[in-house]
Amino acid sequence: MEKIKVFCPATIANVSCGFDVLGLALDSVGDEMTVRKTADKGIRISKIIGQDLPMEAEKNVAGVAGLALLAKSDYDGGFEIEIDKRIKPGSGIGSSAASSTGAVWAMNELLGNPFSKLELVQFAMEGEKLASDVAHADNVAPAIYGGFTLVRSYEPLDIIPIPTPSELYATVIHPQIEIKTSDSRKILKTTISMQQGIQQWGNLGGLVAGLFQNDYDLIGRSLHDHIVEPIRSILIPAFDDIKANALKAGALGSGISGSGPSIFALSKGEETAKQVAESMKKTYQNIAVDFDIHISKVNSQGVKKIA
Ligand code: ADP
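Residues numbered from 1 in each chain as written. Predicted model: local features only at pLDDT ≥ 70, side-chain atom pairs only at ≥ 80, totals over all residues. Heavy atoms only, no water.

An unreviewed UniProt entry annotates the protein as Homoserine kinase of Flagellimonas yonaguniensis. The UniProt entry for the protein carries this comment under Subcellular location (unreviewed entry): "Cytoplasm". The Pathway (unreviewed entry) comment attached to the protein in UniProt states, word for word, "Amino-acid biosynthesis; L-threonine biosynthesis; L-threonine from L-aspartate: step 4/5." (UniProt positions renumbered as here; feature names shortened; annotations may be inferred.)

Below is the structure:
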């Protein structure tokens, strides 16, 4: 195979109680990338559609992640990449992670799969480091494995794929403001109290158990974040109203997607996810905030070949 086209899913990181460790992949929102083998060594980004992003490989997360893979490969050539960017950067649904993931996953396919999923996560994390100064894995892991993933540890990197109940849907609303991950990290405190810790790991354990047991009520009871959400939500227009109205419309839970400004809600079934979308839309229409909105099943496959 000389050329491949891939779908690179958007992802929701943190998922309320799983700050920096939990993430999930979406199905209906993502970028598309075409990657070709070239005789020339290195990586060339030949085209970017949809967004104004750097074309130099060293300044684009796709290039940086790809170069990390090439550095560990004995392949003698290089790659050319085209990015059809559908996820807006800075939206909080893993725009940079989609590009990093798509690049390394596609290259691995073209090379006959010499690298494991865990190694691909490690290469893609180099792209995340370029985007936000921190080599975090909570978006790239679900983009590669699909479904929900838990980053149990960074040293050594230990990714735990978590099964996803089949009727779980996400609704994500993106108010049209941009928050850089690096900025939304700066406002966080560096310490938490014992009481906050106890609440958070109780909820995280509950959420993981709920996902394993297909227990939607337990998932809903566990979707709380008393540490990061109260601080970061201040940056997001009408966060409290969007969340309260989503819950009223039947969502199991709602919170900040990644570092925001997108807000997600999880629901049982597509019908409820649509009603949640309606309630979120109305909330922003009433106060004249422009937005994008997505409804998606949780994607159990992750990045995939489309041509
Ligand atoms: P997100 O959480 O949506 O990925 P970030 O703020 O973490 O948003 O990352 C976006 C940053 O990464 C922007 O500064 C953007 O210019 C940079 N970037 C570099 N290459 C890419 C790419 N291929 N896709 C998206 N963002 C990129």
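After that view, the rundown keeps rolling.
S.K.: Before we go on, may I ask you to explain the site of the ligand in this structure?
M.R.: For the ligand, the set of nearby residues contains 15 residues, the closest of which are Asn60, Lys85, Ser96, Ser99 and Thr181. Here an oxygen atom of the ligand sits 3.2 Å away from a polar atom, N or O, in the main chain of serine 95. In this structure, serine 99 approaches the ligand through a side-chain N or O atom, which is 3.0 Å from a nitrogen atom. For the ligand, whose free accessible area comes to 560 Å², the fraction covered by protein is 89%. When atoms are counted within 2 Å of each cavity's grid points, the one that captures over half of the ligand is the largest pocket. In terms of residue count, the dominant contributor to the shell around the ligand is helix 2 (residues 95-110) (3 residues). The class makeup of the residues in the shell around the ligand is 3 nonpolar, 9 polar and 3 charged. (Near = heavy atom within 4 Å. Polar contact = N/O pair within 3.5 Å; in protein donor to acceptor, adjacent residues only side chain to side chain. Areas by Shrake-Rupley, 256 points an atom, 1.4 Å probe, with all protein chains shown as cover. 1 Å grid on protein atoms, 1.4 Å probe; cavity = no way out; pocket = protein on both sides within 12 Å on 5 of 7 lines; lining within 4 Å. Sits in = over half its atoms within 2 Å of the grid points. Helix = DSSP H or I, 4+ residues; strand = E, 2+ residues; numbered from the N terminus. Nonpolar A, V, L, I, M, F, W, Y, C, P; charged D, E, K, R; others polar.)

S.K.: Got a minute to help me understand the sheet that holds strand 10 (residues 291-297) in this structure?
M.R.: Hydrogen bonds along the backbone pair up the strands of a sheet, which may run parallel or antiparallel. The 4 strands are arranged 8-9-7-10 in an open sheet whose pairing can be described as antiparallel. The open sheet has two edge strands, strand 8 (253-256) and strand 10, and neither has a second partner. Taking each pair of neighbouring strands and ignoring which way they run, the sheet shows an average axis angle of 20°. Sheet analysis places strand 8 next to strand 9 (residues 263-268), joined by 4 bridges and oriented antiparallel. Among the inter-strand pairings, isoleucine 256 is bridged to a residue of strand 9, identified as isoleucine 263. Sheet strands touched by helix 9 (residues 239-248): strand 7 (168-175), strand 8 and strand 9. Its angle to strand 8, the strand with the most contacts, is close to 160°. (Pairing = 2+ DSSP bridges. Axes fitted to C-alpha atoms, helices over the stretch in contact; angles between N-to-C directions. Contact = heavy atoms within 4.5 Å.)

S.K.: So what exactly am I meant to see when it comes to the side chain of serine 153 here?
M.R.: Note that serine 153 resides in strand 5 (residues 148-154). Among the polar contacts listed, one links the side chain of serine 153 to the backbone oxygen of proline 156, at a separation of 2.5 Å.

S.K.: Looking at this structure, how should I read the packing of aromatic side chains?
M.R.: For any pair of aromatic rings, geometry is given as the distance between the ring centres together with the angle between the planes. One pass over the full model with this rule turns up 3 aromatic pairs. Seen from their ring centres, phenylalanine 115 and phenylalanine 123 are 5.0 Å apart, and the 85° between their planes marks the pair as edge-to-face. Here the two residues phenylalanine 115 and phenylalanine 123 agree in accessibility, since each one is buried. (Phe/Tyr/Trp six-rings, centres within 6.5 Å; stacked < 30°, edge-to-face > 60°. Buried < 20%, exposed > 50% of the residue type's maximum accessible area, 1.4 Å probe, protein only.)

S.K.: Honestly, the side chain of serine 184 in this entry has me stumped. Any pointers?
M.R.: Summarising the element assignment, serine 184 is placed in helix 5 (residues 181-186). Excluding its chain neighbours within four sequence positions, the residues that come into contact with serine 184 are Ile179, Arg232, Leu235 and Ser259.

S.K.: Got a minute to help me understand empty space enclosed by the protein in this structure?
M.R.: Think of a ball as big as a water molecule: rolled over the atoms, this probe shows where empty space is left. Taken as a whole and assessed by the stated rule, the structure comprises 1 cavity of 30 Å³ or more. Considered as a void within the structure, the largest cavity measures approximately 70 Å³ in volume. (Points joined across faces, edges and corners; volume = space filled by probe spheres on them.)

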